[in-house]
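Residue-level listing of the chains:
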Amino acid sequence: MHRGKLSLSGRKPYFFLLALSLLTICGPALADKRVALVVGNSSYKSVTPLDNPKNDARLMADTLRSLGFTLVGGGAQVDLDKAGIDRAVQSFGSLLLGADVALFYYAGHGVQVRGANYLVPVDANPTREADVDFQMLDANLVLRQMEAAGTKLNLVILDACRNNPFGGRGLRGTGGGLAQMQAPEGTLISFATQPGNVAQDGAGGDSPYTKALAQTIRRPGLGLFDAFNEVGLAVMQATGNSQQPWVSTSPIRGSFFFAGPPPATDAPKPAFVPPTPQPLTTAPSLRDQSDSMMETVRAFYSALANADGNRAASLVIPEKRANGPLSASAITKYYSSFSKPLQLVGLVSLGDNRYQADYSYGAGTHTCHGSAVVTIVQRNGGTFVEGIRAPKDSCS
């Protein structure tokens, strides 16, 4: 059984602006107030049932409870109809008042309709596109509950990337996969797989994504972004690279650890530390290199937003800036044609000098969303864009 693709209004993302300060949202004692709503829908009445979502939800509920989260309803909310999921989200919003961390987890069917992501209750049975608003839950309503509560950190986790179960019903605005979602400030949205791809339901009772997530967030000392990166690597390994989890995030203030920060090390220092010979010219640290590369990506997308082909091309390696799609003239011509300028909505490091950039722009009367993997290299003391790989954008 495969899980189908979802779309969230504004989602395709894995594009993120990762801003970490030295503040900590949670300390070793996990003193922050954490609230979670965990939903797993398996027993669909009018479309193909799913084997694992209810198991996934129970696994996540047990894991989050052990990490200090208060759960809506006291545990996993399984096989909810439309009225039930509406009540659960309302209860979630009420419990979030005064909370520091909000987490919403959903496993089950999800569909994209006109660029918005909808979560499918077990009693949904739409026969036309107009039924969707009344029979399904717009995922953006969950974000609104979080935003209204003013929580410091919001996490939305969607293991809902299954095939569209209503694909044969002629719902014209329904698209394949989940749509890109734009994360409000302080929000991270994690999808079980890339936009347009299908996530595996998994063998042994749990999906590969939820199994990796539950194992990873129990590990002390893993920061928020490190944790989701580890989950992605684990899922790719478990699925033979056929499934790659996707993350969209906005700037997040502070640091967060599901299972607490790394323990302080008070190891005694040796009486004498021999000096380390230094070259006359000290190479930049890995952190400095990483910061420089990320700033290059930001500068490149800032130039694209302004349709400034000369500035953008100056940040590209020389052999690719002379002609082709990364030349100054091509960049100016293409990006000046947008009805709304390109906007970078997320940026995150993927390791190995690669960065994922999420963006949106206007094309005529449509709003489009996309993401790209940007490869950066350092040459002769400079930092340059070597290449860009981008799947097809989604417009609505």
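An account of the accompanying structure is given in this report. Residue indices follow the written sequence of each chain, beginning from 1 at its first position. Where totals are concerned, whole chains, interfaces and linings use all residues; where local detail is concerned, this predicted model gives features only for residues with pLDDT of at least 70, and gives and counts side-chain atom pairs only at 80 or more. No hydrogens and no water enter the side-chain calculation; it runs on all heavy atoms of the structure.

1. Some thoughts on the pattern of salt bridges
Put simply, a salt bridge is a Lys or Arg side-chain nitrogen that is within 4 Å of an Asp or Glu carboxyl oxygen. Applying the stated criterion to the full structure yields 10 salt bridges. Residue Arg65 pairs with Asp62 through a salt bridge whose shortest N-O separation is 3.1 Å. Here Asp62 and Arg65 lie together in helix α1 (residues 53–66), a separation of three residues that amounts to about one turn. Residue burial is assigned from relative accessible area. The probe radius is 1.4 Å, only protein chains are included, and a residue is buried under 20% of its type maximum, exposed over 50%, and partly exposed in between. With a relative accessible area of 40%, Arg65 lands in the partly exposed category. The class for Asp62 is partly exposed, based on a relative accessible area of 44%. Put simply, DSSP marks the helices as runs of H or I at least four residues long and the strands as runs of E at least two long, and each gets a number from the N terminus on.

2. Overview of the state of the cysteines
Cysteine sulfur atoms that pair up within 2.5 Å are treated as a disulfide. Counted according to the given criterion, the structure contains one disulfide. Two residues share a disulfide in this structure: Cys368 and Cys395, whose sulfurs sit 1.9 Å from each other. Residues Cys368 and Cys395 share a disulfide whose torsion about the S-S bond is about 110°; that sign makes it right-handed. Of the two residues, Cys368 sits in strand β16 (residues 366–379) while Cys395 sits in strand β18 (residues 394–395), which places them 27 residues apart along the sequence. Judged by its relative accessible area of 0%, Cys368 is buried. Accessibility expressed as a relative area gives 44% for Cys395, which makes it partly exposed.

3. Quick notes on the packing of helix α2 (residues 82–96) against helix α4 (residues 139–149)
Between α2 and α4, the shortest axis-to-axis distance is 9 Å and the interhelical angle comes to 20°. The orientation of α2 with respect to α4, classified from their angle, is roughly parallel. Note on packing geometry: the crossing formed by α2 with α4 is right-handed. Residues Val89, Phe92, Gly93 and Leu96 of α2 form the contact with α4, whose own contacting residues are Val142, Gln145, Met146 and Ala149. Residue type decides the class: Asp, Glu, Lys and Arg count as charged, Ala, Val, Leu, Ile, Met, Phe, Trp, Tyr, Cys and Pro as nonpolar, and the leftover types, Gly among them, as polar. Among the residues forming the contact of α2 with α4, the class breakdown is six nonpolar, two polar and no charged. For helices, the fitted line uses only the C-alpha atoms of the stretch in contact; every axis is such a line through C-alpha atoms, and the angle between N-to-C directions lies from 0 to 180 degrees. Here roughly perpendicular refers to angles of 65 to 115 degrees, roughly parallel to angles under 35, roughly antiparallel to angles over 145, and oblique to all remaining angles. By the definition used in this description, the sense in which the near helix is turned from the far one sets the handedness, with an anticlockwise turn below a right angle giving left-handed and a clockwise turn giving right-handed. We call two residues in contact whenever any of their non-hydrogen atoms come within 4.5 Å of each other.

4. Some words on the environment of Arg354
Structurally, Arg354 can be placed in strand β15 (residues 354–363). Note on Arg354: relative accessible area 29%, which makes it partly exposed. A sequence separation of 61 residues divides Arg354 from Met293, and the C-alpha atoms of the two residues are 9.0 Å apart. Residues in contact with Arg354, not counting those within four places in the same chain, are Val348, Ser349, Val373, Val374 and Thr375.

5. Re the environment of Gln145
Along the chain, the position of Gln145 falls in helix α4. Look at Gln145 and you get partly exposed, because its relative accessible area is 27%. In the structure, Gln145 is positioned 43 residues away from Ala102 in sequence and 9.6 Å away in space, judged by C-alpha atoms. Setting aside its immediate chain neighbours within four residues, Gln145 contacts Val89, Gly93 and Leu96.

6. Details of the side chain of Ser42
Note on placement: Ser42 falls in the loop between β2 (34–40) and α1. Ignoring anything within four residues of it in the chain, the contact list for Ser42 reads Pro49, Leu50, Asp51, Asn52, Pro53, Lys54 and Asp79.

7. Focus on the packing of helix α5 (residues 208–216) against helix α6 (residues 224–238)
Across the interface, α5 lies against α6 with an axial gap of 9 Å and an inter-helix angle of 135°. Judged on the interaxial angle alone, α6 and α5 are oblique. For α5 against α6, the interelement crossing comes out right-handed. For the pair formed by α5 and α6, the contact residues are Pro208, Tyr209, Ala212, Leu213 and Thr216 on the first element and Ala227, Phe228, Glu230, Val231, Ala234 and Val235 on the second.

8. A look at the packing of aromatic side chains
Centre distance within 6.5 Å is the pairing criterion for rings of Phe, Tyr and Trp, where only the six-membered ring of Trp is used; planes under 30 degrees apart are then read as stacked, over 60 as edge-to-face, and the remainder as tilted. Within this structure, the stated rule accounts for 10 aromatic pairs. Between Phe92 and Phe104 the ring centres are 6.5 Å apart and the planes differ by 40°, which places this aromatic pair in the tilted class. Linking Phe92 in helix α2 with Phe104 in strand β5 (residues 101–107), this pair joins segments that are 12 residues apart in sequence. With a relative accessible area of 1%, Phe104 lands in the buried category. When the ring of Tyr301 is compared with that of Tyr359, the centres are 6.3 Å apart and the planes differ by 25°; the resulting orientation is stacked. Linking Tyr301 in helix α7 (residues 286–305) with Tyr359 in strand β15, this pair joins segments that are 58 residues apart in sequence. Each member of the pair, Tyr301 together with Tyr359, is buried. Counting every residue linked through ring pairs, the aromatic cluster contains Phe300, Tyr301, Tyr334, Tyr335, Phe338, Tyr359 and Tyr361.

9. A look at the nonpolar core
For our purposes a nonpolar core is just a set of buried Ala, Val, Leu, Ile, Met, Phe, Trp, Tyr and Cys residues, chained together by side-chain atoms within 4.5 Å. Ranked by size, the top nonpolar core spans 43 residues in total, and within it Phe92, Phe104, Tyr106 and Met146 carry the most contacts. Among the secondary structure elements, those contributing two or more residues to this core are β2, α2, β5, β6 (110–113), β7 (116–119), α4, β9 (153–159) and β11 (187–191). Contacts of Phe104, omitting those with residues within four sequence positions, involve Leu37, Val39, Phe92, Leu119, Val142, Met146, Leu155, Val156, Ile157 and Leu158. Grouped together as the second largest cluster of nonpolar side chains are 33 residues, Leu153, Tyr209, Leu224 and Val235 included.

Read these as geometric descriptors, not functional statements.
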